[in-house]
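Chain by chain, the residues:
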Amino acid sequence: MGRRKKTDDKNAKPIRGPGRKSKKQGEPVFPKELLQTVKHISARKRLEKEKLKQIVKKNTVKKIVQKRQSDGESIDDDEDEEQQQQLNGYTDENQQWLKPKTTKKLFDNDEKDESMEDDTPYDDQFDEVKSSSDEDEDDDDEPKIDIEKQSKKIREKQRQTKERSEQELLTNIQQHEKVQFPSGQEITKEAPQADLQLLMHRIREVINVLNDFKNKREPNRSRKEYLDLLQQDLCNYYSYNDFLMNKLLDLFPLAEIIDFLEANEVQRPVTIRTNTLKTRRRDLAQALINRGVNVDPLDKWTKVGLVIYNSQVPIGATPEYLSGHYMLQGASSFLPVMALAPQPNERILDMCAAPGGKSSYIGALMRNSGILVANDANKDRAKAIIANTHRLGLTNTIVTNLDGRQFSEHMGGFDRCLVDAPCSGTGVIAKDPAVKSSKDDKDIQRCFTAQRQILLNAIDSINENSTTGGYIVYSTCSILVEENEAVIQYALNNRSVKLVETGLEFGVEGFTNFKGTAFHPLMKYCRRYYPHLHNLDGFFVAKLKKYSTKQGNKKGFI
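Parameters at a glance
Residues numbered from 1 in each chain as written. Predicted model: local features only at pLDDT ≥ 70, side-chain atom pairs only at ≥ 80, totals over all residues. Heavy atoms only, no water. Helix = DSSP H or I, 4+ residues; strand = E, 2+ residues; numbered from the N terminus. Buried < 20%, exposed > 50% of the residue type's maximum accessible area, 1.4 Å probe, protein only. Contact = heavy atoms within 4.5 Å. Phe/Tyr/Trp six-rings, centres within 6.5 Å; stacked < 30°, edge-to-face > 60°. Lys NZ or Arg CZ within 6 Å of the ring centre and 35° of its normal. Core = buried A, V, L, I, M, F, W, Y, C linked by side-chain atoms within 4.5 Å. Domains from an automatic or database assignment. Arc of directions from axis to C-beta. UniProt positions renumbered as here; feature names shortened; annotations may be inferred. Pairing = 2+ DSSP bridges. Axes fitted to C-alpha atoms, helices over the stretch in contact; angles between N-to-C directions. Expected span 1.5 Å × (residues − 1). Polar contact = N/O pair within 3.5 Å; in protein donor to acceptor, adjacent residues only side chain to side chain. Salt bridge = Lys/Arg side-chain N within 4 Å of Asp/Glu carboxyl O. Parallel < 35°, antiparallel > 145°, perpendicular 65-115°, else oblique. Left-handed = near helix turned anticlockwise from the far one by under 90°. Disulfide = S-S within 2.5 Å.

## So, the overall build of the chain
Along the backbone of the chain there are 21 helices and 15 strands. When each of the 558 residues of the chain is scored for burial, the buried share is 37%. Taking all contacts inside the chain whose residues are at least 6 apart in sequence as the whole, residues at least 24 apart take part in 70%.

As structure tokens, then:
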């Protein structure tokens, strides 16, 4: 198809014109009417032309009126109005809908008479009241159905109720500008729950007085009375028992206590840890996003953490979870493993390993090399370690079920050891609100006694001559000093260990002095984490290095 090929063959058929597709289309033919060009008139010329027409029209009407008057003809009012309408540019046919809309009556009769006597033109008065009457006119013009009227009444009633309640609250606050101490009978009983706003107001007022006690206190009131009132109000408002609230008041300054208690009322964000033995964080995040999960990197201090805001599928039942691509794990649980810094081809012990989140993280950092012993005293919880070990693909892990308080009698010679000791759980109150009212002095004493025994056995299991290790990391999900700094001080006094830096980039330093008790000066190397400061569960991390098998220095100084 197309243009024919030219050849030198004499027997070929002669070319008879162009090919089928090469024929040119003729020029288009238009009627003569369409060929006439229309002159374009600019907007300025059109405006001048319209003005000229109006002037001519007005002059014509004036001439007619003058001629009829000169001839002696009478002109009626209707005819005069018609002539005036022609001058204004409209006729009687559109007279009704061109009349300006009358405004609503804004004043009483007396005020209306006074306004009529005023010399201000009507147009100026209309401009002054127009802004206030536009909204009413719109409501009157548009007809409303019954449901809209009822909805408007309900909204207005809610607004009035809210204003009255706020006014009553302000009135009550003004009546109680000074801190009102309840009677002795009311102090011993729980405060009524119906007046929580006033209770919180009194809490803040007491804190304000305690911050400037010399100038704001009542003359006949002591500081202890204010502290007792504050403790009782905080217990009633946040549902804590007296023992735990007393511990928290000793631990935090008054400026932070409310922030900490409020943070415990909010759940921490859901976080997961990428299993680097099977995938990368970027690939895992993309796979979860494709399944309808809103996910982001956790923070700059971790390269394996992801935070999940919301999900359309169960996070613990996705194909990625069942394949072992990630582990549901709190962000604060990353920190002890990061401080331990396990190396490939080492012998590492996880003393309290269940359910296996930290152990699997250690195994991933070791790249399935060396030996990892995951121990837990609870046989049922040890089964969870086995399940997660198989799911996540760990091949260097040995799961044991031994009592951590006598573990050194069975095994030893480890390069590193992680002790995530069982504790009172005062750092995870958001997960377990029962801690608020269930803990007492005996529970804390039972916890730190077991923690001391476990930590000493972990130190005895470490090889002090290890070329790459000799480190012990101690961590708890508690914020009490009795379970943290006091336990570390006990280990320093009874074993040949010293405190070293954890290597963590953030966190609050440990206490070197608490309520008159002096701890080791290097206790500042420990790290504390709080919900209201770091948006993590309350946590404590300390790192020790064993340098000898001899008994420790009783003074605790290295």
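## Let's talk about the packing of aromatic side chains
For any pair of aromatic rings, the description consists of the separation of the ring centres together with the inter-plane angle of the planes. Taken as a whole and judged by the stated rule, the model has 12 aromatic pairs. Taken together, a centroid distance of 5.3 Å and an interplanar angle of 45° make the contact between Trp301 and Phe506 tilted. Of this pair, Trp301 sits in the loop between β2 (293–297) and β3 (305–311) while Phe506 sits in the loop between β10 (497–500) and β11 (508–509); the two residues are 205 residues apart in sequence, bridging distant segments of the chain. A relative accessible area of 21% places Phe506 in the partly exposed class. Counting every residue linked through ring pairs, the aromatic cluster contains Trp301, Phe334, Tyr361, Phe506 and Tyr529. Its guanidinium or amino end placed over the ring of Phe213, Arg223 lies 5.5 Å from that ring's centre, counting from NZ or CZ.

## Re the nonpolar core
In this structure, Ile488 and Leu544 are the most contacted members of the largest nonpolar core, which totals 63 residues. The greatest single-element share of this core, amounting to seven residues, is contributed by helix α19 (residues 441–460). Taken together, domain 1 (196–265) and domain 3 (332–546) each give at least three residues to this core, which thus spans both. What Ile488 contacts, discounting residues up to four positions off in sequence, is Leu455, Tyr474, Leu499, Met523, Phe540, Ala542 and Leu544.

## Quick look at helix α13 (residues 281–290)
Inspection of α13 places Leu284, Ala285 and Leu288 among the buried residues, and these make up the whole buried set. End-on view of α13: buried residues confined to an arc of 100°, all on one side of the axis. Exposed residues lying more than 90 degrees from the buried face of α13 are Arg282 and Asn290. Buried positions along α13 lie against β1 (270–274), β2, β3, α14 (319–322) and β4 (326–328). Phi turns positive one or two residues past the end of α13, at Gly292, with a value near 90°.

## A look at the UniProt feature "active site" (unreviewed entry) in the chain
The feature "active site" (unreviewed entry), as given by UniProt, occupies Cys477 in the numbering adopted here. As for its placement among the helices and strands, Cys477 is situated in the loop between β9 (471–476) and α20 (485–494). Among the residues examined, Cys477 registers a relative accessible area of 22% and is labelled partly exposed. With residues near it in sequence (within four places) discarded, Cys477 still touches Cys423, Gly425, Thr426, Gly427, Val428, Gly538 and Phe539.

## Structural notes on the sheet that holds β3
Strands sit in the order β2-β3-β1-β4 across an open sheet of four strands; the sheet is antiparallel. Among the strands making up the open sheet, the edge pair consists of β2 and β4. Each adjacent strand pair in this sheet contributes to an overall mean axis angle of 35°, direction not counted. Pairing of β1 with β3 involves four bridges; the strand directions are antiparallel. Bridge pairing in β3 places Ile272 opposite Leu306. Docked against the sheet, helix α17 (residues 379–392) engages β1 and β4, running at close to 155° with respect to β4.

## A word on α17
Since there are 3.6 residues in each turn of an α-helix, residues three or four apart along the chain are aligned in direction. In this model, α17 (14 residues) spans 20 Å end to end at C-alpha, consistent with the 20 Å of a helix rising 1.5 Å per residue. Among the residues making up α17, those that are buried are Ala382, Ile385, Asn388, Thr389, Arg391 and Leu392. Looking at the buried residues of α17, the elements they touch are β1, α14, β4, α16 (357–365), β6 (371–375) and β7 (397–400). Capping the start of α17 is the job of one residue whose side-chain oxygen sits 3.0 Å from the backbone nitrogen of Asp380: Asn378. One or two residues past the end of α17 sits Gly393, with phi positive at roughly 85°.

## Concerning the pattern of salt bridges
Inspection of the entire model under this criterion finds 19 salt bridges. For the salt bridge of Glu346 with Arg416, the shortest nitrogen-to-oxygen distance reads 2.8 Å. With Glu346 in the loop between α15 (334–340) and β5 (347–350) and Arg416 in strand β8 (residues 416–420), the pair connects residues that are 70 residues apart, well separated along the chain. By relative accessible area, Glu346 is classed as buried at 2%. Across the pair Lys358 and Asp420 runs a salt bridge whose closest N-O atoms are separated by 2.7 Å. Of the two residues, Lys358 is situated in helix α16 and Asp420 in strand β8; the sequence distance between them amounts to 62 residues. Overall, Asp420 belongs to the buried group, its relative accessible area being 17%. The network of salt bridges with common partners includes Glu156, Arg159 and Glu163.

## Comments concerning the environment of Ile459
Tracing the backbone shows Ile459 in helix α19. For Ile459 and Tyr471, which are 12 residues apart along the polypeptide, the C-alpha to C-alpha distance reads 8.6 Å. Residues contacting Ile459, with those up to four places away along its chain left out, are Ile472, Ala491, Arg495, Val497, Leu544 and Lys546.

## Notes on the packing of helix α11 (residues 242–251) against helix α12 (residues 254–263)
Between α11 and α12, whose axes approach to 9 Å, the crossing angle comes to 130°. With respect to their mutual orientation, α11 and α12 come out oblique. For α11 against α12, the interelement crossing comes out right-handed. Mapping the contact onto sequence places Met245, Leu248 and Leu249 in α11 and Ile257, Phe260 and Leu261 in α12.

## What about the state of the cysteines?
Per the stated rule, a full pass over the model turns up zero disulfides. The thiol sulfur of Cys417 is not disulfide-bonded, and the nearest other cysteine sulfur, from Cys352, lies at 8.5 Å.

## Things to note about unusual backbone geometry
Along the chain, Ala354 connects to Pro355 via a cis peptide bond; the corresponding omega equals 0°. Take Pro355: it is sitting in the loop between β5 and α16. Despite not being glycine, Asn345 has its phi angle at roughly 65°, a positive value. By secondary structure assignment, the location of Asn345 is in the loop between α15 and β5. The exposure class of Asn345 is exposed, given its relative accessible area of 64%. Residues other than glycine seldom take positive phi values, yet Arg367 does so here, at roughly 60°.

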